[in-house]
Amino acid sequence: MNLVHNIGMEQNKKHLYAPSILSADFSNIESAVNRIHSADADWIHLDVMDGHFVPNITFGPKLVADLRPHTQLPLDVHLMISEPEKYVEDFVHAGADYLTFHLEASVHAHRVVQRIHKAGARAGLSIVPSTPVSQLDPMLPYIDLVLIMSVNPGFGGQALIPECLDKVRYLAQQAETHDYSYLIAVDGGVNRSTVEMVRSAGTDVLISGSAFFKAENPAEEVRIMRGK
Ligand code: DX5
Ligand code: ZN
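Computed from a predicted model, the values in this text were never measured in an experiment.

K.L.:
Quick one: what's the story with the sheet that holds strand β7 (residues 183–187), residue by residue and with numbers?
P.N.:
The parallel open sheet is built from eight strands, whose spatial order is β1-β8-β7-β6-β5-β4-β3-β2. Among the strands making up the open sheet, the edge pair consists of β1 (16–19) and β2 (44–49). The average angle at which neighbouring strand axes cross in this sheet is 20°, direction not considered. Here β1 pairs with strand β8 (residues 205–208) via four bridges, running parallel. Bridging across to β8, Leu 16 finds its partner in Val 205. Its contacts with the sheet place helix α8 (residues 218–226) against β1 and β8, and it is angled at close to 135° to β1.

This is the structure we're talking about:
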């Protein structure tokens, strides 16, 4: 089990902030992690891309494993890869606390979620902007996190598609009605200009790459994004 990294409290804490290291300098990951620690962010978001499910390529489980000893923060691994079922155990054993995969990338999402849980991590499910949120309905009782992509996945620095926030409102309503316990994350184009509407839609986890790594004062950025 990997669930020793400051996990537990967050279910009660609104507006967690998760910087995505996609926008960091990959040749100096240590400095990126220091920046995240000193800004008092909540999680570290790791974008895994395979050049197939999305056009871009980033990194695999080795980076997760290499990072693991350097932080107590939960590692939130976002798989933007085809056939995520091939890599579940690799990423969990590398140290992922949350492992999120795309509904569009896997026919047997229920089985993938079971495997993530069995391996010892929390399971997240994500959809791209063109996928209707109702397709998540059968999986809502089983997952720990829903990640709503608010840009087309593959790159940082894109503009948020506001219609995606309707999905967040729907998921917040479903959680309330059925007493589901998943966290709702929004990923893509979350910055000072958009964060207010992202938060007010009912988002729990704010994922942000370029805004965090470009900020002159990262700690202030985190406070502003949390709405404090
Ligand atoms: C995009 C990734 C995001 C990305 C967000 O496909 O999933 O996590 O890092 O970057 P910004 O915040 O720059 O839109
Ligand atoms: Zn992401």
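K.L.:
An account of the side chain of Glu 221 is requested, with residue identities and associated values reported.
P.N.:
Mapped onto the elements of the fold, Glu 221 is located in helix α8. At 2.9 Å, the side chain of Glu 221 and the side chain of Arg 192 are in polar contact. In this view, Glu 221 contacts Tyr 17, Arg 192, Ala 211, Phe 212 and Ala 215; residues no more than four positions away in its chain are not counted.

K.L.:
Can you tell me about the packing of aromatic side chains, naming the residues and giving the values?
P.N.:
Overall, the coordinates contain five aromatic pairs when judged by the stated rule. The ring centre of Phe 212 lies 5.4 Å from the NZ or CZ of Arg 35, which sits over that ring.

Thresholds, definitions, all that
- Residues numbered from 1 in each chain as written.
- Chains lettered and ligands numbered in written order.
- Predicted model: local features only at pLDDT ≥ 70, side-chain atom pairs only at ≥ 80, totals over all residues.
- Heavy atoms only, no water.
- Pairing = 2+ DSSP bridges.
- Helix = DSSP H or I, 4+ residues; strand = E, 2+ residues; numbered from the N terminus.
- Axes fitted to C-alpha atoms, helices over the stretch in contact; angles between N-to-C directions.
- Contact = heavy atoms within 4.5 Å.
- Polar contact = N/O pair within 3.5 Å; in protein donor to acceptor, adjacent residues only side chain to side chain.
- Phe/Tyr/Trp six-rings, centres within 6.5 Å; stacked < 30°, edge-to-face > 60°.
- Lys NZ or Arg CZ within 6 Å of the ring centre and 35° of its normal.

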